[in-house]
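# Chain and residue survey
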Amino acid sequence: MIIVPEREIADLMTRDAAFDAVEQVFAAMASRDAYNFPVVREAIGHVDALYGFKGGFDRAGMTLGLKAGGYWPNNLDQHKIINHQSTVFLFDPDTGKASAMVGGNLLTALRTAAASSVSIKHLARKDAKVIGMIGAGHQATFQLRAALEQRDFEKVIGWNFHPEMLPNIEKVATEAGVPFEAVELDGMSEADVIISITSAFAPSLMADHVAPGTHIACMGTDTKGKQEVEATLLTRATVFTDEVAQSISIGEAQHAIADGSLTEHDINEIGAVINGTHPGRRAAEEITLFDGTGVGLQDLAVASAVVKLAVEKGIAIEVDF
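From a predicted model like this one, the values you see are computed outputs, not experimental measurements. (Residues numbered from 1 in each chain as written. Predicted model: local features only at pLDDT ≥ 70, side-chain atom pairs only at ≥ 80, totals over all residues. Heavy atoms only, no water.)

What follows is about the packing of helix H5 (residues 138-147) against helix H6 (residues 167-175). One way to put it is that H5 packs onto H6 with a least axis distance of 9 Å and a crossing angle of 25°. In terms of their interaxial angle, H5 and H6 are classed as roughly parallel. In the crossing of H5 with H6, the sense of the turn from one axis to the other is right-handed. Residue-level inspection shows Ala-140, Thr-141, Leu-144 and Arg-145 of H5 in contact with H6, the latter providing Asn-168, Ile-169, Val-172, Ala-173 and Glu-175. (Axes fitted to C-alpha atoms, helices over the stretch in contact; angles between N-to-C directions. Helix = DSSP H or I, 4+ residues; strand = E, 2+ residues; numbered from the N terminus. Parallel < 35°, antiparallel > 145°, perpendicular 65-115°, else oblique. Left-handed = near helix turned anticlockwise from the far one by under 90°. Contact = heavy atoms within 4.5 Å.)

Below, the structure is given as structure tokens:
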């Protein structure tokens, strides 16, 4: 079995490689060459942690496995490590033998950023100039770096429940040579693209905060009860997702589904846009929304890519198992 420790990931996986892996697996999902297993995600009743498993099988890439991990909200303050903790396990689809164990913390941030970035590439207006960020935590910095590569953005605006954290994303914007401005939530109406990456259980972004023609990537809702945007916003938008089953059960669409304002048939797969079987954005004034629930196949795709790179570079750790 090959082990790729967390400490090696930064030198192996690039944003471009993560983007390509995620785009390819979304396409495979839409063509039914890959599928995810049901998600297990539970509050464990200890230190307010959420823990679970995401897995799947990609026939096209011959990748089988799971990610184990979750969210420990007190880690940063109490232990000086990031709140999201995870490990990816890969198995040989021909034999079932464990083939790899890969540190999943940085990979989770990269694959999550890649997913919203894929949605921007395929759904945002080509002339998008202002990007809005809701959330300014650890993952928000990855989101913004990846997003800034998809359009010629001229301005970044940001809001966070704790405004003292906004320098996190201001630093990313400054490094990219793009001006940053802190705004109130109604100021998001200036944005052509909005990324929401929070762990909230009540909506921040309301329908009236969003201008016609905006693309929104909702990246934080991956558990029952979580919510980042007003349910009404989904009824005003053309909704896309990584996987419909997760979107309606643990994703941002769960609330509009629950109140009956949206049906499962109103939600489209982003992979269908990638494959060319869905046209994606149809008009400049159309609001598009990507519900990025985070599927196990994303983790397996980037982990598989990391294992190949680690072997090629001679830094993979091999153990008998």
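Quick look at the packing of aromatic side chains now. Within this structure, the stated rule accounts for four aromatic pairs. Relative to Trp-72, the ring of Tyr-51 has its centre 6.1 Å away and its plane inclined at 70°; by these criteria the two rings are edge-to-face. Separated by 21 residues along the polypeptide, Tyr-51 in strand S4 (residues 50-58) and Trp-72 in the loop between strand S5 (63-71) and helix H3 (75-79) bring together distant segments of the chain. Taken together, the ring pairs connect Tyr-51, Phe-53 and Trp-72 into an aromatic cluster. Here the guanidinium or amino end of Lys-226 rests over the ring plane of Tyr-71, the centre of that ring lying 5.8 Å away. (Phe/Tyr/Trp six-rings, centres within 6.5 Å; stacked < 30°, edge-to-face > 60°. Lys NZ or Arg CZ within 6 Å of the ring centre and 35° of its normal.)

Along an α-helix, residues three or four positions apart point the same way, because every turn accommodates 3.6 residues. Between the first and last C-alpha of helix H2 (residues 15-30) there are 23 Å, a value that for 16 residues agrees with the 22 Å anticipated at 1.5 Å per step. Arg-32, located one to two residues past H2, shows a positive phi value of around 65°. (Expected span 1.5 Å × (residues − 1).)

Our focus in this paragraph is the pairing of S4. Counting buried residues in S4 gives seven out of nine residues, a clear majority hidden from the surface. As defined by bridge partners, strand S2 (residues 34-36) adjoins S4 across three bridges and the pair is classed as antiparallel. Bridge pairing in S4 places Ala-34 opposite Asp-58. Judged from the four bridges that link them, strand S3 (residues 40-43) and S4 form a sheet pairing that is antiparallel. When the bridges of S4 are listed, Glu-42 appears paired with Tyr-51. In textbook terms, the turn of a hairpin is the stretch between consecutive antiparallel strands, and for S3 and S4 this stretch comprises six residues, one of which, Gly-45, has a positive phi near 75°. Strand direction decides the pairing type here: S4 and S5, joined by nine bridges, are antiparallel. The residue bridging Gly-55 from the neighbouring strand is Leu-66, located in S5. Connecting the antiparallel pair S4 and S5 is a turn made up of four residues, with Met-62 showing a positive phi of about 50°. (Buried < 20%, exposed > 50% of the residue type's maximum accessible area, 1.4 Å probe, protein only. Pairing = 2+ DSSP bridges.)

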